[in-house]
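This is what each chain is made of:
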Amino acid sequence: MIHGNWEESYAKLPKLLGALQSCVSGTVVAAQTESVFEGGEIVLGKRMLKRVFWSFAPSINGFA
């Protein structure tokens, strides 16, 4: 209840990932979504999160 429901949390995800990139210079963020199907048909305007990747610049530089 403190953090809201999953729909509210999902809606906040792009802002959170953008904040990661803007606050930590050199951070890489990538998110992949897929279409939502109901009854065998694509639901227009709805996407489902498939995966998220992020790496902070110090980690990237450490592997270089």
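Everything in this summary refers to the structure shown in the same document. Small disclaimer: the values here were computed from a predicted structure and weren't measured.

### Section: the pattern of salt bridges
Here comes step 1: Counted according to the given criterion, the structure contains 1 salt bridge.
Here comes step 2: Note that Lys50 and Glu34 form a salt bridge whose closest N and O atoms lie 3.7 Å from each other. Placement of the pair is Lys50 in strand 2 (residues 41-55) and Glu34 in strand 1 (residues 28-38), with a sequence separation of 16 residues.

### Observations regarding the environment of Phe56
Here comes step 1: Residue position: Phe56 is located in the loop between strand 2 and helix 2 (57-63).
Here comes step 2: When its relative accessible area of 32% is taken as the criterion, Phe56 is described as partly exposed.
Here comes step 3: Residues within four places of Phe56 in sequence aside, it is in contact with Leu20, Val24 and Thr27.

### Concerning the side chain of Thr27
Here comes step 1: For Thr27, the location among the structural elements is in the loop between helix 1 (6-23) and strand 1.
Here comes step 2: What makes Thr27 buried here is its relative accessible area of 7%.
Here comes step 3: Looking at Thr27, its side chain comes within polar contact range of the main-chain oxygen of Val24, at 2.7 Å.
Here comes step 4: In this structure, Thr27 is in contact with Leu20, Gln21, Ser55, Phe56 and Ala57, ignoring residues within four places of it in sequence.

### A look at the pairing of strand 1
Here comes step 1: Strand direction decides the pairing type here: strand 1 and strand 2, joined by 10 bridges, are antiparallel. Bridge pairing in strand 2 places Gln32 opposite Arg51.
Here comes step 2: Taking the residues that link successive antiparallel strands as the turn, the strand 1-strand 2 hairpin has 2 residues, and the phi of Gly39 there is positive, at about 65°.

Calculation rules
Residues numbered from 1 in each chain as written. Predicted model: local features only at pLDDT ≥ 70, side-chain atom pairs only at ≥ 80, totals over all residues. Heavy atoms only, no water. Salt bridge = Lys/Arg side-chain N within 4 Å of Asp/Glu carboxyl O. Helix = DSSP H or I, 4+ residues; strand = E, 2+ residues; numbered from the N terminus. Buried < 20%, exposed > 50% of the residue type's maximum accessible area, 1.4 Å probe, protein only. Contact = heavy atoms within 4.5 Å. Polar contact = N/O pair within 3.5 Å; in protein donor to acceptor, adjacent residues only side chain to side chain. Pairing = 2+ DSSP bridges.

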